[in-house]
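# Overview (structure and organization)
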Amino acid sequence: MDNAAHLVSRLVTLTRSSGYLAPDHATAAAATLLEARPLTPPLAALGSGLVRHAAIFDPFDRDTLRLAEDVNRTLGHPPMGDWLAKARRLTAAEPVPEAINPPDPRAAAPDALLTHVLAQPANAHRYPVLLALWRAGAREQLIRAIEIMAASPSGLLAGPMLAWGAYGAGEPLLAQMLLDESVTAFPAHTLRARMALDQGDTAGARDHLLATLDAEPFQPAAIEQLAGLADGHAGPGPTPGPNTHICLYSWNKPDMLARTVASLAATRLGQARVTILNNGTTTCPPDELERRVREAAPGLAASLAFVHLPVNVGAPAARNWLLAMPEVRAARLVAFLDDDVLLPPHWLSRLTATLARFPEAAAAGCKCVNQGVRTIQYAFRNLSEVGERKIRFTPNAPTLMDMGQFDAARPCLTVMGCCHLLHRERLDRLNVPDFGVRFSPSQVDDIEHDMQIWKAGGQVIYDGGVAVVHLQDTGGARTRASLAQAHANHHKLEHTFSHDDLLRMDKATARADRLHFTRALGTVLPTLDGPAGAFWRMLHPLLLEALAD
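Here's a quick rundown of the structure. (Residues numbered from 1 in each chain as written. Predicted model: local features only at pLDDT ≥ 70, side-chain atom pairs only at ≥ 80, totals over all residues. Heavy atoms only, no water.)

## Details of the packing of aromatic side chains
A full pass over the atoms with the stated rule returns eleven aromatic pairs. With 5.9 Å between their ring centres and 80° between their planes, Phe-336 and Phe-435 make a pair best called edge-to-face. Of the two residues, Phe-336 sits in strand β4 (residues 333-337) while Phe-435 sits in the loop between α19 (424-430) and α20 (445-455), which places them 99 residues apart along the sequence. Residue Phe-336 shares its accessibility class with Phe-435, and that shared class is buried. Through a chain of ring-to-ring contacts, the aromatic side chains of Phe-218, Phe-517, Phe-535 and Trp-536 assemble into a single cluster. When the ring centre of Phe-336 is taken as reference, the NZ or CZ atom of Arg-319 above it lies at 5.3 Å. Positioned over the ring face of Phe-435 is Arg-319, at 4.8 Å from the centre of the ring. (Phe/Tyr/Trp six-rings, centres within 6.5 Å; stacked < 30°, edge-to-face > 60°. Helix = DSSP H or I, 4+ residues; strand = E, 2+ residues; numbered from the N terminus. Buried < 20%, exposed > 50% of the residue type's maximum accessible area, 1.4 Å probe, protein only. Lys NZ or Arg CZ within 6 Å of the ring centre and 35° of its normal.)

Have a look at this one:
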């Protein structure tokens, strides 16, 4: 494999794993590409695309805008030329940013961050703080900051990003207004695609995804979403039959469990059965727990069963108990849900279709988002570093702001266990062991089970088209005891697999993921014309070369 194929494959993979590169990372990667000698057309095209990313995502940074102008002058991309001309005009009267230290977003309260936005005349100072409010999920302050920036002379240069923030905060009318008034850039088209999909308009979503690729060809996520649409994977999927069983287990959260089951009852369940394991709840007696749940979801009563345990046996043993029940063993598909989730209507049918689309997959999971402002809590994880008794994972939320970058399906090492669909026939065929009770009471058991699937020769699939609200962030504030439990279970995990096992898993997941993207690109490429078609036809042979290495 030559250096060009290696660079292109690595950057495509990095971008897909990160969602979008941060502006400073994008410009650094672009410099590596554009300084290569010889500077081949694919490297020049990819490097200029990364510079465009940096400018669009940080539109008030004067140095980045100057770099984008220089690159676009040499490696012209007409949509970017139009955007840069408008950016130059809108930012001409912007105050030159002074050297002001903003509040530390990790320590400052949302109101203090909003006060900073109000006090600054330069959008170059406002914008990073607005993004910090978005990442923090501070809904009220985020909306106010969006309104402040949108009313400023140059604020609508960032209009597409502001619109994504408003949409994630549950303000679709504000988002639509910002899209209509803003300087158009590729994030605007991706948001219109998301809006269309949320309304069930797959044809409209396809048109907007093609438009976003014309505006900025280097968007691997859009390629994967288009491939999913071509496969008919964006619809509600098949109606679940009686061979599907949904399992929940709960300990001492009767109200939250009732809220979860009410959400479950509002989804398309078909003929699926539901069993709830009461894992030794002590805050109310079993009959009261049943009453609260049944009252919250009266329409589910006919398909709902309860199992009451006298003590808490922990999460992995609870899963195994449910899997061992005759009615669950008879099911072809088994879903596990946490007792603190809110589900979209199509979650089960979509994940069922995902397992059908990926015949080697024994498990599929969702995109886990926070409530309030829709930020990403957990997407997927792969291995980042392995050694003898050493496991390091990639971040579970590489970028917190949900802008469609993780909306497609793809193979990965592990997914969030709060909404997991298992294919029993494939698990049995692969002889995948049960959930490891050594990880009781909780933490890591779902990760280890996914890794056992890969070790056995199967696959795990992440499907970002299913966005589940997880009400309790497992990565949030923890007690010393819970931190100790998590560290101890990670130590156990590191002693579960040999170094050779981990190396094989890492190679298998990386190859499956790269092969999936290459196939997705092959599906979409015949439909692309203009700049997007030219761009990806240059990169496609290099990706195939890297895959064959």
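## Examining the pairing of strand β11 (residues 409-412)
Burial along β11 is two-sided: the face carrying Ala-409 and Pro-411 and the face carrying Arg-410 and Cys-412 are both buried. Sheet analysis places β11 next to strand β14 (residues 459-470), joined by four bridges and oriented antiparallel. Within the sheet, the bridge partner assigned to Cys-412 lies in β14 and is Val-460. (Pairing = 2+ DSSP bridges.)

## Some remarks on the pattern of salt bridges
For the structure on display, the rule yields 31 salt bridges. For Asp-70, the salt bridge is made with Arg-73, and the minimal N-O distance between the two is 2.9 Å. Placement of the pair is Asp-70 and Arg-73 together in helix α4 (residues 62-74), with a separation of three residues, close to one helical turn. Its relative accessible area of 62% is what places Arg-73 among the exposed residues. We note a salt bridge from Arg-139 to Glu-171, for which the minimum N-O separation is 2.6 Å. Note that Arg-139 is positioned in helix α8 (residues 139-150) and Glu-171 in the loop between α9 (159-168) and α10 (172-181), a separation of 32 residues in sequence. Exposure remark for Arg-139: the relative accessible area of 34% places this residue in the partly exposed category. In this structure Glu-171 comes out as partly exposed when scored by relative accessible area, which is 27%. It is possible to trace a salt-bridge network through shared partners that takes in Arg-194, Lys-367, Arg-374, Asp-402 and Asp-407. (Salt bridge = Lys/Arg side-chain N within 4 Å of Asp/Glu carboxyl O.)

## Points about the side chain of Arg-426
Looking at where Arg-426 falls in the secondary structure, it is placed in helix α19. Despite its burial, Arg-426 pairs with no opposite charge; the closest candidate is Glu-425, at 6.5 Å N-O. With residues up to four places along the chain from it excluded, the contact list for Arg-426 reads Leu-355, Phe-358, Pro-359, Ala-361 and Ala-362. (Lys, Arg positive; Asp, Glu negative; His and termini not counted. Contact = heavy atoms within 4.5 Å.)

## A word on the nonpolar core
By size, the foremost hydrophobic cluster in this structure holds 95 residues, and its most contacted members are Leu-50, Trp-83, Trp-134 and Trp-536. Phe-358, Ala-364, Leu-383 and Ala-512 belong to the second-largest nonpolar core, a separate cluster that totals 84 residues. (Core = buried A, V, L, I, M, F, W, Y, C linked by side-chain atoms within 4.5 Å.)

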